[in-house]
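# Structural features, examined
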Amino acid sequence: MLKLTSLRRPSRQPAGGPTPIQPVHNLPRTSCHSAIVKPKTPTDPLKGRHVRAEILVRGIVQGVGFRPFVHRLASKLNLSGTVRNLGDAGVEIAVEGPKRDVDKFVKLLPEEKPPLSEIHSLEVRYAEPKNLRGFKILESKEGGTGSGTIPPDTAICDECLADVLNSQSRYYGYWATSCVNCGPRFTIMKRLPYDRRNTTMADFPMCEKCTKEYDDIGSRRHHAQTIACPKCGPRLFSHPPSGDPIRAAAQVIKNGGIVAIKGIGGAHLACDARDDEVVTKLKRRLGRPYKPLAVMAKDIKMVEEFAILGESEKKLLKSLRRPIVVVDQRQDSPLSPEIAHELHNVGVMLPYSGLHFLLFQYLDFPVVMTSANMPGKPILVNNEEILSKLRGIADFFLLHNRKIAARCDDSVVRFSGGARRFLRRSRSWAPSPIRMDLKSEPILALGAEFDNTVAIFSEGNCYISQHIGDVDDLETLNFLREAIEHLTRITNVETPDTIACDLHPGFLTTRLAEEMSEAPVRVQHHHAHIASVLGETQIDEAIGIAIDGIGYGEDGTIWGGEVLLATRSNFERIGGLSEMLMPGGDLATRYPARMIAGIFHDDDDLHEILLQHARFPRGLREQEVVEQQLKSRINTPVTTSAGRFLDAISAMLGACYERTYEGEPAMKLESLAFRGKPLDVEPEITVEKNRRVLDVKSLARRLLELKESGEKREDIAATAQDCLARGLARIAIEEAVDRRIEVVALSGGVAYNDAIGSRIREEIKKSGLKFITNELVPCGDGGISFGQTVVAAARTA
């Protein structure tokens, strides 16, 4: 939202300072692109006079070609003046000339701004002219009192790509070609203001030709801080050495090898996505035997050979953001089935750097392009680590000598119900702020333990970090600390006094919060999920459906299938799933057959149910141990997790007996259900501890009966998802009606399941209630830091 402060006409006062000016223009608050409203006053005493306008612009206005744009606009209007970056990510402009031309300049600033820029506020005041001559881009000014940020990284633009592929261009074949409209920003930025000296491009002084183009007001590389060419810019090299590193890398891929590629925000591992042998070899070497891998294709035509695309998916794939988009696979897909083992969908992206496009000059098939890191570890960024830690995994290394200031994984999105949903918000979005009026002092939120992000709120902006990962070891905790320090530097925000964290006392993020603050704001996990939706939609109260795998509850049990009455500051647990047991604690997460036992723990037929419908790694001996655990109630924590219920059904139907990556059993159940249709089963709602709950034992019993009667596994899987969705929706609707609440919010990792999310949305809308869910941040734990920020702001306001 754009805010233009009042402009004041000059009054008589002693010399020595700017003269205030009465209001003449105001921008409507609904759009950055709206025209300035004409003054209502019949006459303007300044009309025809030469004036000086001093303008402060805040938002994403550094690293987007804003200063060159200002220079061109002022020159076109024959205005004199200056422009410079400020240390708080703002831009300071002074223009002098006839009043009508200065007014036109102010009007055109938001209307014709560069495509990557965002103007959040525009402050203008008039002063006495200083008789400036010409227009200059001044050296940036350090310091500043406001907060702001640079833009995220973007894909190479069409114009730069044309240069790379044009044999007559001096950029021909150069992998790091960029301009003011494209290329890396976040991943090369060390500190504000955005000048080459404050980026990792400082290591590459411009050659004579680049300097000339940098100074050329008519060039799209005018003041482009990333400008570089083969003569002066970052260089590619390979290990083992080769004359043409890109061609050599492509040949290794063609020959069935694995290549480590250092990219914009970290390293990837690439191989032929059609080759079962090399894909299996890559997964084995990485220790990810079943985890799905992302695929990169040359263009949309190649993607359509193995995936089904809607117009929304096509548009996003081709956009400058270039995320990984999860799409349904074709039945005759040429991809190796090991790419997305037993899943119906696959993550795909198009090339987004010059390096990628040059690689595909030699390849006519899709390639695996997966983050180069061991399970649970941060993506690798420096050459020494890439060479040492990927030795024995990669057969060839394609590297460059530009340092990465901030490691950054690819973003992952999926379309559900016609809307884009983030599975991971990272490259091309981080650190772009979410604008919100929280009326709060600065806040730092440390997020959840898994799929972690952190968030910083200051002056109406909530800056969310790149994807950090699972903060369950020292290496990732150190990455978390690095991300906080980097985010504060590039937003000009000092580490806030208010620190928010999860309620779980054992999380490393909680311990970090306790180090940073004597009284951190502790936010219950599922409240944070629902608060993230309230924050996005600017709604104060809703009935919330929070469904995921695990979250520490206020009663010390493991929550995960909750219906909450939630405000931004507080919540009440009013419904959800009935209680289950987790025999063996975390072992029940890894081996979902244990959750079958946990659901039927008090059933007289438990032994027979497990014999017929469960499979344990060590067979009958382990089954008997589990039964004894349940009988004695040793290490059998209570849970209401929707994720654990779905895991149990996945094991019962033979879809997954061991979880080797986050969400695997439920994802395989979803893919099984994708090929089926729900059967006529009605979810049973009961009362447990004064809460309306969906009776999961009753539902599981009915699903067992369907299996024993010979119904198709696919249909039973679809029935399980459908009943879970309808049962939770019914509880939410009944509670909303009873409490006269008009809004129902949905969040949590299980909401990624398209069938479950769509069915809940359908039921809520059919009831006449308003349905809201996450669109700006992930439904999963990547959105927790944002939700914690919303709660902390409400509690400390």
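Scroll up a little and you will see the structure.
Let us look at the structure shown here. None of these values were measured; they are calculated from a predicted model.

Turning our eyes to something else, we now look at the overall build of the chain. Of the regular secondary structure elements, the chain holds 23 helices and 32 strands. Against the globule reference of 28 Å for 797 residues, the chain gives a C-alpha radius of gyration of 28 Å, in line with a compact fold. Overall size of the chain, expressed as C-alpha extent along the three principal axes, is 95 × 65 × 45 Å. For the chain, the proportion of its 797 residues judged to be buried stands at 62%.

With that settled, consider the pattern of salt bridges. Oppositely charged side chains can form a pair if their charged atoms are brought close together. Under the definition given, this model contains 57 salt bridges. Where Glu475 meets Lys389, a salt bridge forms, and the shortest distance between an N and an O atom there is 3.3 Å. Of this pair, Glu475 sits in helix α11 (residues 474-491) while Lys389 sits in helix α10 (residues 383-389), placing them 86 residues apart in sequence. The class for Lys389 is partly exposed, based on a relative accessible area of 36%. Residue Glu735 pairs with Arg692 through a salt bridge whose shortest N-O separation is 2.9 Å. Remark: Arg692 occurs in strand β30 (residues 691-694) and Glu735 occurs in helix α21 (residues 713-739); sequence separation between them is 43 residues.

Moving on to the packing of aromatic side chains. Each aromatic ring pair is summarised here by two numbers: the centre-to-centre distance and the angle between the ring planes. All chains considered together, the criterion is met by 4 aromatic pairs. Ring centres of Trp559 and Phe571 lie 6.2 Å apart, and the angle between their planes is 85°; on these two criteria the pair is classed as edge-to-face. Placement of the pair is Trp559 in strand β25 (residues 558-567) and Phe571 in strand β26 (residues 571-577), with a sequence separation of 12 residues. Residue classification places Phe571 among the buried positions, given a relative accessible area of 12%. The ring centre of Tyr171 lies 4.0 Å from the NZ or CZ of Arg221, which sits over that ring. When the ring centre of Phe479 is taken as origin, the NZ or CZ atom of Arg407, which lies over that ring, is 5.0 Å away.

Residue position: Arg322 is located in the loop between α8 (311-318) and β12 (324-329). The buried category is assigned to Arg322, whose relative accessible area is 11%. The contact partners of Arg322, leaving out residues within four places of it in the chain, are Ala155, Leu316, Leu317, Leu350, Pro351, Tyr352, Phe357 and Arg427. In this structure the side chain of Arg322 is engaged in a polar contact, spanning 2.9 Å, whose partner is the backbone oxygen of Ser319.

Bringing the side chain of Gln329 into the picture now. Checked against the element boundaries, Gln329 lands in strand β12. Here Ser333 takes part through its side chain, which lies 3.2 Å from a polar atom of the side chain of Gln329. In this structure Gln329 touches Phe306, Ala307, Ile308, Leu335, Ala340, Leu343, His344, Asn345 and Val346, once residues within four positions along its chain are discounted.

Attention now goes to the packing of helix α16 (residues 606-613) against helix α17 (residues 619-632). A packed helix pair is summarised by two numbers, namely the angle formed by the two axes and the spacing between the axes. Following both chains from N to C, one finds α16 and α17 inclined at 145°, their axes separated by 11 Å at the closest point. By crossing handedness, the relation of α16 to α17 is classed as right-handed. Packed against α16, whose contacting residues are Leu606, His607, Leu610 and Leu611, the element α17 presents Leu620, Gln623, Glu627 and Leu630 at the interface. Among the residues forming the contact of α16 with α17, the class breakdown is 5 nonpolar, 2 polar and 1 charged.

With that out of the way, let us pick up helix α1 (residues 66-76). With 8 of its 11 residues buried, α1 lies for the most part within the structure. Within the span of α1, buried status applies to Phe66, Arg67, Pro68, Phe69, Val70, His71, Leu73 and Ala74. Where α1 is buried, its residues contact β2 (50-60), β3 (80-85), β4 (91-98), α2 (99-111), β5 (118-127) and β6 (135-137). Looking one or two residues beyond α1, the residue adopting positive phi is Asn78, at roughly 60°.

We now examine helix α22 (residues 754-766). Taking 1.5 Å as the rise per residue, α22 with 13 residues should run 18 Å; its terminal C-alpha atoms sit 18 Å apart, in good agreement. Within α22, the full set of buried residues consists of Ile756, Gly757, Ser758, Ile760, Arg761, Glu763 and Ile764. One side-chain oxygen of the residue at the start of α22 lies 3.0 Å from the amide nitrogen of Ala755, identifying that residue as Asn753. At the exit of α22 stands Gly768, carrying a positive phi of roughly 95°.

Glancing now at the packing of α1 against α2. Between α1 and α2, whose axes approach to 11 Å, the crossing angle comes to 145°. Once α1 is placed against α2, the crossing between them reads as right-handed. For the pair α1 and α2, the contacting residues are Phe66, Phe69, Val70, Leu73 and Ala74 in the first and Phe105, Leu108 and Leu109 in the second. Class assignment for the residues of the contact of α1 with α2 results in 8 nonpolar, no polar and no charged.

Residue position: Ser238 is located in strand β7 (residues 236-239). Using a relative accessible area of 8% as the deciding quantity, one classes Ser238 as buried. Of the polar contacts made by the side chain of Ser238, one reaches the backbone oxygen of Pro240; its length is 2.8 Å. Side-chain polar atoms of Ser238 contact the side chain of Ser242, separated by 2.9 Å.

Below, the discussion takes up the sheet that holds strand β18 (residues 433-435). Pairing is mixed across the open sheet formed by 6 strands, whose spatial order is β18-β21-β20-β19-β22-β23. Strand pairing shows two members of the sheet lacking a second neighbour, β18 and β23 (521-523), which therefore form its edges. Direction aside, neighbouring strands of the sheet carry axes that sit 20° apart on average. With 4 bridges connecting them, strand β20 (residues 455-458) and strand β21 (residues 461-464) associate as antiparallel partners. Residue pairing across strands places Ala455 opposite Ile464, the latter belonging to β21.

A large share of β25 lies buried, amounting to 9 of its 10 residues. The pairing of strand β24 (residues 541-552) with β25 spans 9 bridges and is antiparallel. Residue pairing across strands places Glu541 opposite Thr567, the latter belonging to β25. Adjacent in sequence and paired antiparallel, β24 and β25 are bridged by 5 residues, among which Gly556 carries a positive phi angle near 85°. Both β25 and β26 contribute to a ladder of 5 bridges, which runs antiparallel. The residue of β26 that forms the bridge with Leu564 is Arg573. Connecting the antiparallel pair β25 and β26 is a turn made up of 3 residues.

The rules we used
- Residues numbered from 1 in each chain as written.
- Predicted model: local features only at pLDDT ≥ 70, side-chain atom pairs only at ≥ 80, totals over all residues.
- Heavy atoms only, no water.
- Helix = DSSP H or I, 4+ residues; strand = E, 2+ residues; numbered from the N terminus.
- Rg over C-alpha atoms; globule rule 2.2 N^0.38 Å.
- Buried < 20%, exposed > 50% of the residue type's maximum accessible area, 1.4 Å probe, protein only.
- Salt bridge = Lys/Arg side-chain N within 4 Å of Asp/Glu carboxyl O.
- Phe/Tyr/Trp six-rings, centres within 6.5 Å; stacked < 30°, edge-to-face > 60°.
- Lys NZ or Arg CZ within 6 Å of the ring centre and 35° of its normal.
- Contact = heavy atoms within 4.5 Å.
- Polar contact = N/O pair within 3.5 Å; in protein donor to acceptor, adjacent residues only side chain to side chain.
- Axes fitted to C-alpha atoms, helices over the stretch in contact; angles between N-to-C directions.
- Left-handed = near helix turned anticlockwise from the far one by under 90°.
- Nonpolar A, V, L, I, M, F, W, Y, C, P; charged D, E, K, R; others polar.
- Expected span 1.5 Å × (residues − 1).
- Pairing = 2+ DSSP bridges.

Geometric descriptors of this kind do not, in isolation, establish any biological role.
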